[in-house]
Amino acid sequence: MNPPVPVTTETLHHAAALLRGGRVVAFPTETYYGLAVDPCNAQALERLFEIKRRSRELPILVLVSGREQLQQTTADVSAVYERLMQCFWPGPLTLVCTARPCLPQQLTGNTGTVGVRHSPHPTANQLLAAFGGPITATSANLSGHPPAVTADEVARIFAGAVDLILDGGQTPGGSGSTLVRLHGASLSCLREGKIAFSAVQACVDSLNS
């Protein structure tokens, strides 16, 4: 078992080096603990599916630190998504975008889309900065089981399968991010989480008011 480690400059740099080497790092977000790999590394994504016992048909969500990293995942940012980012980012709102063709099919679940959000959690953003690019943020759990809300829970669930666990304290839990997708001019809710879809829709409606 790999015990959790405190979040320091040294452990963040170590985490980034592990990600570049195709390894798996657990870290806290504004919802649950997440599992990070390099989203452009197909072998690392395969390992992620294996340790989570997750179906390959399910896409993996990605965290970015802002506009520059968002452009590494998609070239399709509509005026509606621009408005939603202004209203809710950083925060628990995941935008499903058209994926860049260079992204591995394991990441997109062969959907041609990728779900992206900007977390407000300081450790998540420190890890993004240390790595220098987007990271995956799938919840730290075995598929079908509740996600971990503490670093110790991550350690118990994965029993050494995760290469490094950054201990950023207890996360809020409760529900995940709200997941939305734009179809033409119509916004749909794929999963309602911490942000009510009514609030998301109100933000979009304000674009035309």
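Preceding this section is the structure that the text describes.
These notes cover the structure that comes with them. Nothing here was measured: the structure is a model prediction, and the numbers come from that model. (Residues numbered from 1 in each chain as written. Predicted model: local features only at pLDDT ≥ 70, side-chain atom pairs only at ≥ 80, totals over all residues. Heavy atoms only, no water.)

### Description of the sheet that holds strand β3 (residues 33-36)
Then, in step 1: Ordered by their spatial adjacency, five strands build an open sheet running β1-β9-β2-β3-β8, and the pairing between neighbours is mixed. Pairing within the sheet leaves two strands with one partner each, and these edge strands are β1 (5-6) and β8 (138-139).
Then, in step 2: With two bridges connecting them, β3 and β8 associate as antiparallel partners. In the sheet register, L35 faces β8, and the bridge partner there is T138.
Then, in step 3: Across the sheet, helix α1 (residues 9-20) touches β1, β2 (25-28), β3 and β9 (164-167), and the angle it forms with β9 is around 145°.
Then, in step 4: Across the face of the sheet, helix α7 (residues 151-158) comes into contact with β2, β3 and β9 while running at roughly 160° to β9. (Pairing = 2+ DSSP bridges. Helix = DSSP H or I, 4+ residues; strand = E, 2+ residues; numbered from the N terminus. Contact = heavy atoms within 4.5 Å. Axes fitted to C-alpha atoms, helices over the stretch in contact; angles between N-to-C directions.)

### Let's talk about the nonpolar core
Then, in step 1: Among the nonpolar cores identified, the biggest contains 45 residues, and L35, L84, L93, L95, L187 and V200 are the most heavily contacted of them.
Then, in step 2: Breaking this core down by element, the ones donating at least two residues are β3, α2 (42-52), α4 (79-88), β5 (93-98), β6 (113-117), α7, β10 (178-183) and α8 (197-205).
Then, in step 3: Ignoring anything within four residues of it in the chain, the contact list for L84 reads W89, L93, L95, V180, L187, V200, C203 and V204.
Then, in step 4: In this structure, L18, L19, I135 and L166 belong to the second largest nonpolar core, which totals 18 residues. (Core = buried A, V, L, I, M, F, W, Y, C linked by side-chain atoms within 4.5 Å. Buried < 20%, exposed > 50% of the residue type's maximum accessible area, 1.4 Å probe, protein only.)

### Topic: the pattern of salt bridges
Then, in step 1: Taken as a whole, this structure holds six salt bridges when the rule is applied.
Then, in step 2: A salt bridge links D163 to R23; its shortest N-O distance comes to 3.1 Å. With D163 in the loop between α7 and β9 and R23 in the loop between α1 and β2, this residue pair connects regions lying 140 residues apart in the sequence.
Then, in step 3: On the basis of relative accessible area, D163 is assigned to the buried category, the value being 16%.
Then, in step 4: For R23, a relative accessible area of 36% puts it in the partly exposed group.
Then, in step 5: Of the charged contacts in the structure, one is a salt bridge between R117 and E30, with a shortest N-O distance of 2.9 Å. Of the two residues, R117 sits in strand β6 while E30 sits in the loop between β2 and β3, which places them 87 residues apart along the sequence.
Then, in step 6: With relative accessibility at 4%, the residue R117 sits in the buried group. (Salt bridge = Lys/Arg side-chain N within 4 Å of Asp/Glu carboxyl O.)

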